[in-house]
Amino acid sequence: MPPESLAEGTTQLYRPRSYAEAKSGNRKRLQVAATNHALSVWKEPGGCYALATKLLQHHVHSGSKKTDSETDLKKQGTANLMACRRKTECGQFAAAIGLLSSSGVSPCSEKTYLDLQDKHPPAHSPAIPDDVFLAEPITVDSRAVLGAIKSFPKGTSCGRDGLRDQHLVDVMSGADVSVADNLLASIIGVVNLWLAGTCPASLGEFVASPPLTPLLKPGGGIRPIVVGTVWRILVSKVAAFSVGKDMTSYLGDYQFGVGVPAGGEGILHVVNCLLEMKGHSDKMSMLLIDFSNAFNMVRRTQLIKEVRLHCPGISRWVEFCYLRLAKLYYDQYILSSALGVQQGDPLGPLLFALTLHPLVKSIASRCTLDLHAWYLDDSTIIGDTLEPSIDPRSTTDGVFPSDIGRPSNGVKLIGGPVGLDLNFISGMLLTRVSKTVQLMSVIKKLKDPHSEMLLFRNCTGVSRLYFAMRTTNPAALQPATDLFDDHLFKYLRLLITGDGAGFGPLQQRLATLPIKEGGLGIYTMADTRAYCYLASQSQTASVKKIILGNLFSTNKGSAYQLVLQNFIQCNRVNHAQDYILAIPISGLNQCFSPRQLRVVLCYRLDIPLFVEDSL
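Residues numbered from 1 in each chain as written. Predicted model: local features only at pLDDT ≥ 70, side-chain atom pairs only at ≥ 80, totals over all residues. Heavy atoms only, no water.

Caption draft 1: Spatial organisation of the pairing of strand E2 (residues 222-226). Burial of E2 is one-sided: the residues Ile222, Pro224 and Val226 facing one way are buried, the residues Arg223 and Ile225 facing the other way are not. In the sheet, strand E1 (residues 212-216) pairs with E2 via five bridges, with the strands oriented antiparallel. Pairing of proline 214 across the sheet is with proline 224, part of E2. Here E1 folds back onto E2, and the loop between the two strands holds five residues, one of which, glycine 220, carries a positive phi near 110°. (Buried < 20%, exposed > 50% of the residue type's maximum accessible area, 1.4 Å probe, protein only. Helix = DSSP H or I, 4+ residues; strand = E, 2+ residues; numbered from the N terminus. Pairing = 2+ DSSP bridges.)

Printed below as a string of structure tokens:
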């Protein structure tokens, strides 16, 4: 019985057998009991066989039969909504929004298989370079391993072995903390064993061979998603952290996609600055490069050679994962992966940048450029049009592919606008805001104000526009600001009052205050734009004044102002606003009904709960 069967057979999700079990607070206890029972069965003679048989029977049953309610959900298009609610109950807000905005999975067909094969072209196993000396492997301690375990995003999926990062986190915390030291020591030993290259090479195929899921792109085509095992990701995270500083120094002159905080934003700011300074010159040119299917086309022989040369301490682990053909499992098909770095590998960006760097340095050595910057496979080159010297072949018809564009108004670079035409920049931002507004309308389908409020605060509000506001000329933001803020207040009015009554300008300002100031922590684009601009100018002391400015300007008398100030002061008391952050977990009785939440929010925002008596 293979080792991965232990995780598959003993960590299965407990499925409640009744409505009472599903709604009660005993669900976690039942899950613990089921896991402990499976572990005890595993120890018995033939226990592993019994668990594996039961597991296979469950998969066959679940794959062949669906209840009428599940079929109805599929037909009604609400399966994603149900999954979104489950993700929200687990506090996985980004995953919940991903489900709502997803275009779905590509249908299982021969065409999908051929599309996947195009992105993973067959090739021979890479040759082992023998001209570079292998240095001593790195070793890691508890601090590095614990940091890597805690850095996994919440809700990280499991690989083929069924083990999740959350399993490790749970065992090393809470009631099980007594076994944490022994477990951590064992994990450190396993990680160092892999880094040292002493694990049998034949296991590399299993560690580096993940399942493949083809997601549909909104504009057409597919985006393959692979999910490796927790062990693969954990060791790669530790390896990337151990060589991070040295590699940032090595790549830092021209590459800003690895180990450089806000590297993409920095490139955008520099490019726009250069355009303002020299954009009207007819002697300057800007070339943008974006490789097609870049990560899947890297030759692994060259990759391993660069790793041995510049970070030999992790070369044994890299060779363990990349030196042999990996298998990608898609339905009944098996694809071979012999080129490129695998998507989802924490070492992937570093390995790609290392392999690309000789080309980057070659360009830098031959040309004198005003700007030469790379963000992974996106390159920006600005310099004299005739640098280094004109090549007569450049004027020949067809020397460049016909699909190379020469836009005159502006371009999109690393997700942000670059150009001198404010109308072009404003148009790009309006498109981005329109997508955010569309997402607001999608979460309305949940018909659950509690979940909607959480998703709105964390994923579908102004937070989706931070990058745009940090990297865009403020003069071009006004049309997008007006559009977003108008839809923001319309949505809040519908969410809080239902019919919109009583939600006036004062309530708008109260709702958009920070939580610690008694508000709901839902910010307008106008306020946040000011914050981003002032933060970039190191004027953070003025931020609070801008956000809170003119809050109490009203035609009411001074007595009303005093009552209102006292009202807001009560909301600033510790834990007074905790209900806003509560995750809707039914088993812990943390769910607000639509009526309950609206009553609480109306009270907090000074919206009348009853019609005033006219007598």
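That covers the picture; the talk isn't over yet.
Caption draft 2: Spotlight on the pattern of salt bridges. What the rule picks out here adds up to six salt bridges. For aspartate 345, the salt bridge goes to arginine 232, with nearest N and O atoms at 3.2 Å. Pair noted here: aspartate 345 is in the loop between strand E5 (333-337) and helix H17 (348-366) and arginine 232 is in helix H13 (residues 230-251), with a separation of 113 residues, a long-range link. By the burial criterion, aspartate 345 is buried, and arginine 232 matches it. For aspartate 486, the salt bridge identified is with lysine 490, shortest N-O distance 3.3 Å. Separated by four residues within a single helix, aspartate 486 and lysine 490 lie in helix H21 (residues 478-497), roughly one turn from each other. Given the relative accessible area of 36%, aspartate 486 is considered partly exposed. The exposure class of lysine 490 is partly exposed, given its relative accessible area of 48%. (Salt bridge = Lys/Arg side-chain N within 4 Å of Asp/Glu carboxyl O.)

Caption draft 3: A look at the packing of aromatic side chains. For the coordinates displayed, the defined rule picks out eight aromatic pairs. Ring centres of tryptophan 194 and tryptophan 231 lie 6.3 Å apart, and the angle between their planes is 45°; on these two criteria the pair is classed as tilted. Within this pair, whereas tryptophan 194 is found in helix H11 (residues 180-195), its partner tryptophan 231 is found in helix H13, the two being separated by 37 residues in sequence. Residue tryptophan 194 is classed as buried on the basis of its relative accessible area, which comes to 10%. Look at phenylalanine 291 and tryptophan 374: their rings are 6.1 Å apart centre to centre, the planes differ by 15°, and that puts the pair in the stacked class. (Phe/Tyr/Trp six-rings, centres within 6.5 Å; stacked < 30°, edge-to-face > 60°.)

Caption draft 4: Representation of the nonpolar core. Counting 56 residues, the largest nonpolar core has Ile314 and Trp317 as the members making the most contacts within it. Secondary-structure elements contributing two or more residues to this core are helix H9 (142-150), H11, H13, helix H15 (300-310), helix H16 (315-322) and H17. Tallying contributions element by element places H13 first for this core, with nine residues. Here tryptophan 317 is in contact with Trp194, Leu195, Val207, Arg232, Val235, Ser236, Ala239 and Leu347, once residues within four sequence places are set aside. One finds Leu455, Tyr491, Leu506 and Met525 within the second-largest nonpolar core, a separate group that totals 48 residues. (Core = buried A, V, L, I, M, F, W, Y, C linked by side-chain atoms within 4.5 Å. Contact = heavy atoms within 4.5 Å.)

Caption draft 5: Molecular detail of unusual backbone geometry. In this model, isoleucine 414 sits at a positive phi of 50°, which is unusual for a non-glycine residue. Secondary-structure assignment places isoleucine 414 in the loop between strand E8 (411-413) and strand E9 (416-418). Positive phi values are uncommon outside glycine, yet lysine 447 reaches one of about 55°.

Caption draft 6: Local environment of empty space enclosed by the protein. In total, this model carries two cavities of 30 Å³ or more according to the counting rule given. If you add up the space inside the largest cavity, you get close to 40 Å³. In terms of lining, the largest cavity is formed by His450, Met453, Tyr579, Ile580, Leu597 and Leu601. For the lining of the largest cavity, the elements supplying multiple residues, two or more each, are helix H19 (449-460), helix H26 (578-581) and helix H27 (594-604). Taken together, the residues of the lining of the largest cavity sort by class into five nonpolar, one polar and no charged. Taken as a whole, the second largest cavity encloses approximately 30 Å³ of empty space. Forming the boundary of the second largest cavity are Arg160, Phe206, Val207, Ala208, Ser209, Pro210, Pro211, Val227, Gly228, Thr229 and Arg232. Classifying every residue of the lining of the second largest cavity by side-chain character gives six nonpolar, three polar and two charged. (1 Å grid on protein atoms, 1.4 Å probe; cavity = no way out; pocket = protein on both sides within 12 Å on 5 of 7 lines; lining within 4 Å. Points joined across faces, edges and corners; volume = space filled by probe spheres on them. Nonpolar A, V, L, I, M, F, W, Y, C, P; charged D, E, K, R; others polar.)

Geometry only, nothing functional implied.
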